[in-house]
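Observations on the model geometry
Given next are the chains, with one letter for each unit.
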Amino acid sequence: MNEGKLQWHSAFYATFRIELEDETNKVQIETEHLLGKKPMQIDLLVIKKQPDQKIEKNIGKIFRTHNIIEYKSPGDYLSINDFYKVYGYTCFYQADTEKVFEINPQELTITFVTNHYPKKMLKHIRKLRGITAIKRDSGIYELIGDSIPMQVIVIKELSKKQNYWLQSLRNNLQSGGEIRELLERYEEKKDNLNYQAVMDVLTRANWTKMEEERIMCEALRELFAEDLKEAQETGEKLGFQEGKHRVALNLSRMGMAAEDIAKAVEMQLSIVQEWIQAAEPAK
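The paragraphs below set out a description of the structure included in this document.

Right, let's get into the sheet that holds strand S6 (residues 140-144). The seven strands lie next to each other as S1-S2-S3-S4-S7-S6-S5, forming an open sheet whose pairing is mixed. Looking at which strands have only one partner, the edges of the open sheet turn out to be strand S1 (27-35) and strand S5 (132-137). The average angle at which neighbouring strand axes cross in this sheet is 25°, direction not considered. Here four bridges tie strand S2 (residues 40-48) to strand S3 (residues 66-71), and the two strands are oriented antiparallel to one another. Bridged to isoleucine 47 within S3 is histidine 66. Lying on the sheet, helix H1 (residues 8-19) is in contact with S1, S2, S3 and strand S4 (108-114); it crosses S2 at an angle near 5°. Helix-sheet contacts for helix H2 (residues 80-95) involve S1, S2, S3, S4 and strand S7 (150-154), and the interaxial angle to S4 is about 150°.

Okay, structure coming up:
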């Protein structure tokens, strides 16, 4: 799959809406907000509906009334030029109004969202502008020392508990537990357009691992079904355990490592238990 053609920004917009879905009554979100008549645009603009309302979500605690968001896809990085570009866009946004001082500069914030910790950029602004990065939460760094509140969000460092979908916006998801959990969570939200947009990009960006997971699950189901059926038919009292042992042996012969075999077997325990219950005669 060609990552360059993936609509990472579309998935990011949808993910950001997911992250703030409990705050939708407090903000309006505009994607690719145009600045003036020239092709300058902000990736994401979050405007609080009521300036005095606090945003509880960790990624939005810094938010004031007008919040400019810059997003970098997994194959990109946050550069020194990006810092000045977004800072300039923010100033332009403040000035591009019908009335003078229509937007109070004190009601602006800037958020940079990236997959990679921007070491060079942060070193530059610390040395040249006296702006330091302070870690406030997992993956969230507040930039201290400027009149405009700013923060850097490093996607891969975010908490799965607090920012599950945003931290999943990567092209290096791992087959096994990580992708399986993603699919399980998506199953509950699959009718939601935002979740659909995110999964579309994640599936294409992680196609090889997704295919590995699908093939492994199908192979395991077949192995368990055949081995457990044979164990039941031979009248073994411990058909469940016998089936596990036979599947583990088959996976070992396929060259799978012991640790992966254990995970694969445990992954299918619920399926096995359901099979046994279905196979037992009704009482």
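Moving on from the model shown.
Structurally, the position occupied by lysine 209 is in helix H7 (residues 207-233). Its relative accessible area of 28% is what places lysine 209 among the partly exposed residues. The sequence separation of lysine 209 and asparagine 171 amounts to 38 residues, and the corresponding C-alpha distance is 9.8 Å.

The next subject is the pattern of salt bridges. When their charged atoms lie close together, side chains carrying opposite charge are able to pair. Evaluated as defined, the whole model comprises 16 salt bridges. We note a salt bridge from arginine 129 to aspartate 146, for which the minimum N-O separation is 3.0 Å. Separated by 17 residues along the polypeptide, arginine 129 in helix H3 (residues 119-129) and aspartate 146 in the loop between S6 and S7 bring together distant segments of the chain. Under the relative-accessibility criterion, arginine 129 is labelled partly exposed at 31%. Taking the shortest distance from any N to any O, the salt bridge between glutamate 178 and arginine 170 comes out at 2.4 Å. When its relative accessible area of 9% is taken as the criterion, arginine 170 is described as buried. It is possible to trace a salt-bridge network through shared partners that takes in Glu70, Lys72, Asp76, Asp82 and Lys85.

Turning our attention to unusual backbone geometry. Negative phi is the rule for most residues except glycine; trans is the rule for most peptide bonds. If you check the backbone angles, glutamate 32 has positive phi at about 45° while not being a glycine. Take glutamate 32: it is sitting in strand S1. Non-glycine residue phenylalanine 101 carries a positive phi angle of around 60°. For phenylalanine 101, the position within the fold is in the loop between H2 and S4. With relative accessibility at 53%, the residue phenylalanine 101 sits in the exposed group.

As a further point, take the environment of asparagine 172. Secondary-structure assignment places asparagine 172 in the loop between helix H4 (164-167) and helix H5 (177-189). When the C-alpha positions of asparagine 172 and proline 74 are compared, they lie 9.0 Å apart, and in sequence the two are 98 residues distant. Those residues in contact with asparagine 172, other than ones at most four positions away along the chain, are Glu178 and Asn206.

Thresholds, definitions, all that
Residues numbered from 1 in each chain as written. Predicted model: local features only at pLDDT ≥ 70, side-chain atom pairs only at ≥ 80, totals over all residues. Heavy atoms only, no water. Pairing = 2+ DSSP bridges. Helix = DSSP H or I, 4+ residues; strand = E, 2+ residues; numbered from the N terminus. Axes fitted to C-alpha atoms, helices over the stretch in contact; angles between N-to-C directions. Contact = heavy atoms within 4.5 Å. Buried < 20%, exposed > 50% of the residue type's maximum accessible area, 1.4 Å probe, protein only. Salt bridge = Lys/Arg side-chain N within 4 Å of Asp/Glu carboxyl O.

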